[in-house]
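A look at the structure
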Amino acid sequence: MIGIDLGTTYSLISRFTKGEPKLIPNLFGDILTPSVVGVDEANDFLVGKPAKELLSVDPTRAIGLFKRDMGLNRTYSLGGSMYTPVELSSIVLSCLKNDAEMYLEEPVQDVVISVPAYFNDDARVATKMAGELAGLNVMRIINEPTAAALAFGVVKKDEDKTVLVFDLGGGTFDVTVLEIFEGVLEVRASSGKTFLGGEDFTQNLFEWVLKELGRHENDLEKNKKWANKLKAQCEAAKRQLTEADQATLSIPNPSGDENEKMPELVITQQKFREINARLLDQMYSPLNRVLSDSRMSKDSVDEILLVGGASRMRCVQSLIEDYFKQTPSSILHPDHAVACGTCIQAAMLKKDAAVQEIVSTDVSSHTLGVSISRKIGNKHEHGYFMPIIDRNTTLPVSRVEEVATIEMGQTSITVDVYQGESRKIENNHLLGEFKVEGIPPRLAGEEVVAIRFTYDLNGVLEVEATILSTNKSKS
Ligand code: ADP
Ligand code: MG
C-alpha cells in the first residue's frame, strides 16, 4: 500500500503499514527527494540530491520544475538528448520506486500518485503515463489537498468539521474546502493556480537582489554559475525569513574568486512582503472562489490546514490570518501530509481494515464542455462554449448533452472538447477533438448527436458521441 507525492520541487514515497502512514527514506536517508534529473560526465542519469547539486553548478546538465509542464507539448535538452516532462517525471518515479524497494526489501508496484487539484485532464493523463513508464501500476490519481485532508481525517477521526486546505508548494497553489462528518470526507470545491508557488517568491527575491547590485538579467547568461550560487543564497534567505525578522545574503563574487569578499545584503520581512505583494494578491481570487463555490463564508471554516513547504512563509501565514481572522492549524506536517494521504488512499483501495470506515469523495476542478455554434439572427456564430460538467461536481460523474445539425444535408460534426470557465472557447483550453461522421443527410436540426462526458475518480475525462438516429458511437 504505497503512495507517492510527485512534487514540483520535492517528491516523497510512503507506505501504509500497521494502521498508519509511514514515509520511506531514500538511499541518502532523506524523506524528501528533490524532483531534479541530471546527467553525469558518463551520460548516466542522476536523480534527487546529486542532480540538485549538479543543477546549482552546471544548469545545462540538470533540470527541475518540469512538473509545471506536465501535459504540455514541450521538451527539454539534457546531455545531448531531448526529454518530455513525462519522461523526466518517470525518471523521478523510478528512483523513488527503486529506493523504496531497497528499503522495504520487496517490490513496489501498485501505487496512488497525487497531483494538484487544479491539474487539467492532460496533466493527469501525463502523470499516469509517467507512472506506467516507471513500471508502476497507478491505481488512482488523487488530488493533493484531498490527500492532505485524508491525513488529517486519520489523525482527527471523530470530529465533524469544515476544513480548508491551503497548499502552497514550490510551483503550484491549491485551495480546497472539505467537509468531514462521521468518517466521510467530502470535497466541496477546489480552486488554485498552476503557476504560483514558493519558487516564484525566490525568483522575485533574486530579481530584487540583482537590482540592488545594479546587474541585469542579461549579465546572467555570461555567468550562469554565479547566478545559480546567488539563487541558492536567495532560497536560503527566504527560508531564514520564516524563522527571523530579517535575513542576510552573502553575495558570491562574480569573478569566482572566493577570497575576495563581496558586501552582504540584508532583506527584511517587510521588504520581502513588498517585493512579493503581487504574488500574495493572486491568492485572494482562488480563496474567494473556493468559498463561493462551496457556499461557505469565511467564518464557517472550522479549521485551516497548511500544506506545502511555502505555506511556512510568514507573509503567507499572516495573509491567511487576516483573511479568515483565525490561526491556521499546525497539526499536519506541511512537507509530509500529502504523501501520508496518498498511502492512506492506497490502503482504502486495498480495503485495509484500519481505514474501512473512511470514505472520501472528490470533485472536478474545471468546467468541461464542447464548442458549439449559436444562432444569432439568421446566422450561426461559432466559438461558444457549452458546459457539460460544471466545475466542482462530485466524482465520478457522467452527463449527456445533445447537439443538432445546423445545415441542410450535414453529415458530420466536429466535437471540440474544452475546459474552462468562459462563454467563449477562445478563452478556454482545448483538450481534444474528434469528428463524428456518417450522419444521415437531412434538414438542419433534424439530426441529433448526444455527447456523453464521463469524468472518473482520477479526474480523467472520457467523451463519447452517439448519432441518435443510427445509434452509432464514437469516442
Ligand atoms: P512541491 O510539493 O511543489 O514540490 P513543497 O511542498 O515541497 O513543494 O514546497 C517546496 C517549496 O517550499 C519551495 O519553494 C521551498 O523553497 C519552500 N520552502 C520549504 N521550506 C521552507 C521554509 N522553511 N520557508 C520558506 N519556504 C520554504
Ligand atoms: Mg506538494
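Residues numbered from 1 in each chain as written. Chains lettered and ligands numbered in written order. Predicted model: local features only at pLDDT ≥ 70, side-chain atom pairs only at ≥ 80, totals over all residues. Heavy atoms only, no water.

1. Side note on the nonpolar core
Of all hydrophobic cores here, the largest spans 45 residues; its most connected members are Leu-164, Phe-166, Phe-201, Met-283 and Val-316. Contacts of Val-316, omitting those with residues within four sequence positions, involve Phe-166, Leu-168, Phe-201, Leu-280, Met-283, Ala-310 and Ser-311. Counting 35 residues, the second-largest nonpolar core is a separate cluster that includes Met-70, Leu-78, Cys-95 and Ile-113. (Core = buried A, V, L, I, M, F, W, Y, C linked by side-chain atoms within 4.5 Å. Buried < 20%, exposed > 50% of the residue type's maximum accessible area, 1.4 Å probe, protein only. Contact = heavy atoms within 4.5 Å.)

2. Observations regarding helix H5 (residues 198-212)
An α-helical turn contains 3.6 residues, so a residue and the one three or four places further along point in the same direction. In this model H5 runs 21 Å from its N-terminal to its C-terminal C-alpha over 15 residues, within 8% of the 21 Å that 1.5 Å per residue would give. Taken together, the buried positions of H5 are Gly-198, Asp-200, Phe-201, Thr-202, Leu-205, Phe-206, Trp-208, Val-209 and Leu-210. Among the residues trailing H5, Gly-214 stands out with phi positive, at a value near 70 degrees. (Helix = DSSP H or I, 4+ residues; strand = E, 2+ residues; numbered from the N terminus. Expected span 1.5 Å × (residues − 1).)

3. A short note on the pairing of strand S24 (residues 448-455)
Examined bridge by bridge, strand S21 (residues 397-404) and S24 share eight bridges and lie antiparallel to one another. If you follow Val-397 over to S24, its bridge partner there is Tyr-455. As defined by bridge partners, S24 adjoins strand S25 (residues 461-467) across seven bridges and the pair is classed as antiparallel. When the bridges of S25 are listed, Arg-452 appears paired with Glu-464. Where S24 hands over to S25, the hairpin turn is made up of five residues, of which Gly-459 adopts a positive phi near 75 degrees. (Pairing = 2+ DSSP bridges.)

4. Points about the site of ligand 1
The environment of ligand 1 is made up of 18 residues, and the closest members are Thr-9, Glu-199, Glu-235, Lys-238 and Thr-242. At a separation of 2.7 Å, a nitrogen atom of ligand 1 approaches a polar side-chain atom of Thr-242. Separating a nitrogen atom of ligand 1 from a side-chain N or O atom of Arg-312 is a distance of 3.2 Å. With the chains in place, 92% of the 570 Å² that ligand 1 exposes on its own is no longer accessible. (Near = heavy atom within 4 Å. Polar contact = N/O pair within 3.5 Å; in protein donor to acceptor, adjacent residues only side chain to side chain. Areas by Shrake-Rupley, 256 points an atom, 1.4 Å probe, with all protein chains shown as cover.)

5. Description of the sheet that holds strand S17 (residues 303-307)
Spatial ordering of the open sheet is given by S17-S12-S13-S14-S18, a layout of five strands whose pairing is mixed. The strands lining the two open edges of the sheet, one partner per strand, are S17 and strand S18 (359-361). Going from strand to strand, the sheet's axes swing by 25 degrees on average, the running direction of each strand aside. As paired strands, strand S12 (residues 161-168) and S17 are joined by five bridges and run parallel to one another. By the bridge assignment for S17, Phe-166 is matched with Leu-306. (Axes fitted to C-alpha atoms, helices over the stretch in contact; angles between N-to-C directions.)

6. What about unusual backbone geometry?
Here the residue pair Leu-395 and Pro-396 is connected by a cis peptide bond, since its omega of -5 degrees sits within 30 degrees of zero. Within the secondary structure, Pro-396 sits in the loop between strand S20 (379-389) and S21. Positive phi, normally seen in glycine, also occurs at Lys-18, with a value near 50 degrees. Inspection of the secondary structure assignment puts Lys-18 in the loop between strand S2 (10-17) and strand S3 (20-23). Look at Leu-65: it is not a glycine, yet its phi comes out positive at around 60 degrees. Tracing the sequence through the fold places Leu-65 in the loop between strand S7 (62-63) and strand S8 (76-78).

7. Considerations on the environment of Asp-200
Relative to the elements of secondary structure, Asp-200 occurs in helix H5. Taking the C-alpha atoms as reference, Asp-200 lies 23 Å from Arg-124; in sequence the two are 76 residues apart. Within the structure, the side chain of Asp-200 is placed 2.8 Å from the backbone nitrogen of Gly-197, a separation counted as a polar contact.

8. Things to note about the pairing of S17
Extensive coverage of S17 is indicated by the burial of five of its five residues. The side-chain alternation of S17 yields two buried faces, one formed by Glu-303, Leu-305 and Val-307 and the other by Ile-304 and Leu-306.

9. What to know about the packing of aromatic side chains
Per the counting criterion, the structure on display carries five aromatic pairs. An aromatic cluster is defined as three or more aromatic residues linked by ring pairs; in this entry it consists of Tyr-284, Tyr-323 and Phe-324. Cation over ring: Arg-215 sits above Trp-226, and NZ or CZ is 5.0 Å from the ring centre. In this structure, Lys-231 packs its charged tip against the face of Phe-206, placed 5.1 Å from the ring centre. (Phe/Tyr/Trp six-rings, centres within 6.5 Å; stacked < 30°, edge-to-face > 60°. Lys NZ or Arg CZ within 6 Å of the ring centre and 35° of its normal.)

10. Section: a nonpolar patch on the surface
A grouping of Leu-27, Phe-28 and Met-102 is seen on the molecular surface, where their side chains present a nonpolar patch of about 360 Å² in accessible area. Checked against the element boundaries, Phe-28 lands in the loop between S3 and strand S4 (33-34). For Phe-28, a relative accessible area of 48% puts it in the partly exposed group. (Patch = residues over 30% accessible without salt bridge, like charges linked within 9 Å, V, L, I, M, F, W, Y side chains within 5 Å. Salt bridge = Lys/Arg side-chain N within 4 Å of Asp/Glu carboxyl O.)

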